[in-house]
Amino acid sequence: MGSVSRVSFASLTPNNIGTVRKLNSVLFPVKYSDKFYEQILSPQLEEFCQLVYYNDVPVGIVCARLEQKDGLHVLYVMTMGVLAPYRSRKLGSQTLEHILTAAQAHSKPSKIDKVSLHVQTSNTDAKRFYERHGFKENGVQENYYKKITPHDAWILEKDLRESSGV
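A. Representation of unusual backbone geometry in the model. The step from Thr149 to Pro150 runs through a cis peptide bond, and the omega angle for that step is -5 degrees. Positionally, Pro150 belongs in the loop between β6 (136-141) and β7 (153-159). With a phi close to 50 degrees, Asn55 is a non-glycine residue in the positive phi region. Turning to its location among the elements, Asn55 is positioned in the loop between β2 (49-54) and β3 (57-69). Of note in this structure, Asn143 is not a glycine but carries a positive phi near 55 degrees. By the secondary structure assignment, Asn143 is in the loop between β6 and β7. Taking relative accessible area as the criterion, Asn143 reaches 47% and is therefore assigned partly exposed.

Quick look at the structure:
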C-alpha cells in the first residue's frame with residue numbers, strides 16, 4: 001500500500017468538453033447529442049458532472065442530473081465510466097463515492113432522496129458494481145435503448161434517506 005493513487009476530479013468547462021466527448025465516444029455505445037453536452041455544462045450540475053483524472057490523465061467521466069419523480073428529489077446518473085486500462089484500480093468506486101457524497105451533502109433547493117440509473121441488461125459487471133455500492137434493482141425498463149441491443153435496461157436505485165444519519 002506504499003503508493004498513493006493520484007485520483008482527482010474536475011468540473012466540466014467549455015475548455016474540457018472536447019475531452020468529455022472523446023471519453024464518451026470510447027466508453028459508451030450511445031452517441032450523445034449537442035444538447036446533452038450543453039446540459040452537462042449547467043452550473044447547478046457542476047458537482048455531479050465531473051472528469052476523473054488518474055495521475056493527471058483524464059480516464060473517466062461521471063454525469064448526473066437532478067430530477068423530480070413521484071414527489072422525490074432524485075439524482076439520475078446519466079453516464080459513468082472509466083477507460084478499460086484503468087479499471088480494477090478502484091477508480092469507479094471512488095467516482096461513485098464522490099458523487100454519492102456530493103448527493104448526501106446537497107441541500108439546496110432540497111435534499112436528494114435517492115440516486116437512480118439505468119444499466120443495459122447485458123452489462124452484468126456494471127450491475128454487480130452498483131449493487132456492491134448499495135444500489136438495488138427496481139425493475140426493468142423495456143426498450144430503453146433505441147439503437148443498441150439488448151434494448152432493455154435494469155433500473156437501479158439507492159435510497160439516501162436510509163443513510164442520512166451517517
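B. Focus on helix α4 (residues 124-132). Taken as a whole, α4 has its buried residues at Ala126, Lys127, Phe129 and Tyr130. The buried residues of α4 occupy an angular sector of 160 degrees when projected down its axis, which confines them to one face. Among the exposed residues of α4, those pointing more than 90 degrees away from its buried face are Asp125 and Arg132. At its buried positions, α4 is contacted by β4 (72-82), α3 (91-105), β5 (114-120), β6 and β7.

Thresholds applied
Residues numbered from 1 in each chain as written. Predicted model: local features only at pLDDT ≥ 70, side-chain atom pairs only at ≥ 80, totals over all residues. Heavy atoms only, no water. Helix = DSSP H or I, 4+ residues; strand = E, 2+ residues; numbered from the N terminus. Buried < 20%, exposed > 50% of the residue type's maximum accessible area, 1.4 Å probe, protein only. Arc of directions from axis to C-beta. Contact = heavy atoms within 4.5 Å.

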